[in-house]
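# A look at the structure
Spelled out, the chains give:
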Amino acid sequence: MKFTADHIDSINRSVLCWLATASKEKIPNVSPKEIFTHFGGEKIIIANIASPQTVRNIHENIRCKSTSRTRKLKVRPSLWVTARR
């Protein structure tokens, strides 16, 4: 999916990204991520810092969802993400 200008602006202004994943048994996991950015107009890069369950879930189930917050704690629109293993 190609990001719109609104998506990119939202990512640039956000201070926290929540990444939701699920295991192959469909057990959900939501993890806060502070280090993330957009890349190439259609990808989000998220740092893997002490996130063993998130990594396991991505290996088992590649679909995940991301939402973010700006400094004013306003929830930004969600984006479906297809992770790369």
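This is a predicted model, so every value here is computed, not measured. (Residues numbered from 1 in each chain as written. Predicted model: local features only at pLDDT ≥ 70, side-chain atom pairs only at ≥ 80, totals over all residues. Heavy atoms only, no water.)

On to the overall build of the chain. Counting its secondary structure elements, the chain contains 2 helices and 6 strands. Residue pairs in contact within the chain that sit at least 24 positions apart in sequence constitute 50% of those at least 6 positions apart. Accessible surface computed for the chain: about 5900 Å², of which carbon and sulfur atoms make up 56%. (Helix = DSSP H or I, 4+ residues; strand = E, 2+ residues; numbered from the N terminus. Contact = heavy atoms within 4.5 Å. Areas by Shrake-Rupley, 256 points an atom, 1.4 Å probe, with all protein chains shown as cover.)

Under the criterion given, the structure shown has 1 salt bridge. For R13, the salt bridge identified is with D9, shortest N-O distance 2.9 Å. Of the two residues, R13 and D9 are both situated in helix α1 (residues 5-13); the distance of 4 residues between them amounts to about one turn of the helix. (Salt bridge = Lys/Arg side-chain N within 4 Å of Asp/Glu carboxyl O.)

Once that is clear, we can look at the confidence of the model for the chain. Mean pLDDT over the chain stands at 77; residues scoring 70 or higher make up 78%. No element of the chain has a lower mean pLDDT than strand β6 (residues 79-82), which averages 51, and none a higher one than strand β2 (residues 28-33), which averages 88. Within the model, the stretch residues 71-77 combines pLDDT values under 50 with 17 contacts to residues more than four positions away or in other chains. (pLDDT = per-residue confidence, 0-100.)

The subject of this paragraph is α1. Listing the buried residues of α1 in full gives H7, S10 and I11. All buried residues of α1 project into a common sector of 95 degrees when viewed along the axis, lining one side. Every exposed residue of α1 that faces more than 90 degrees away from the buried side is listed here: A5 and D6. (Buried < 20%, exposed > 50% of the residue type's maximum accessible area, 1.4 Å probe, protein only. Arc of directions from axis to C-beta.)

This brings us to the pairing of strand β4 (residues 43-46). Relative to β4, strand β3 (residues 36-39) is paired through 4 bridges, and the arrangement is antiparallel. By the bridge assignment for β4, T37 is matched with I45. What sits between β3 and β4 in their antiparallel hairpin is a turn of 3 residues, with G40 showing a positive phi close to 65 degrees. (Pairing = 2+ DSSP bridges.)

Glancing now at the side chain of S14. Relative to the helices and strands, S14 is located in strand β1 (residues 14-22). Judged by relative accessible area, which is 10%, S14 ranks as buried. Among the polar contacts made by the side chain of S14, one reaches the main-chain carbonyl oxygen of S10 at a distance of 2.5 Å. (Polar contact = N/O pair within 3.5 Å; in protein donor to acceptor, adjacent residues only side chain to side chain.)

We now examine helix α2 (residues 52-60). Listed in full, the buried residues belonging to α2 are T54, N57 and I58. Seen along its axis, α2 keeps its buried residues to an arc of 100 degrees; they face one direction. As for α2, its buried residues are in contact with β1 and β2.

Position of T37 relative to the elements: it lies in strand β3. Judged by its relative accessible area of 35%, T37 falls in the partly exposed class. Counting along the chain gives 23 residues from T37 to S14, while the straight-line C-alpha distance between them is 9.4 Å. If near-sequence neighbours (up to four positions away) are discounted, T37 is found in contact with I11, K43, I44 and I45.

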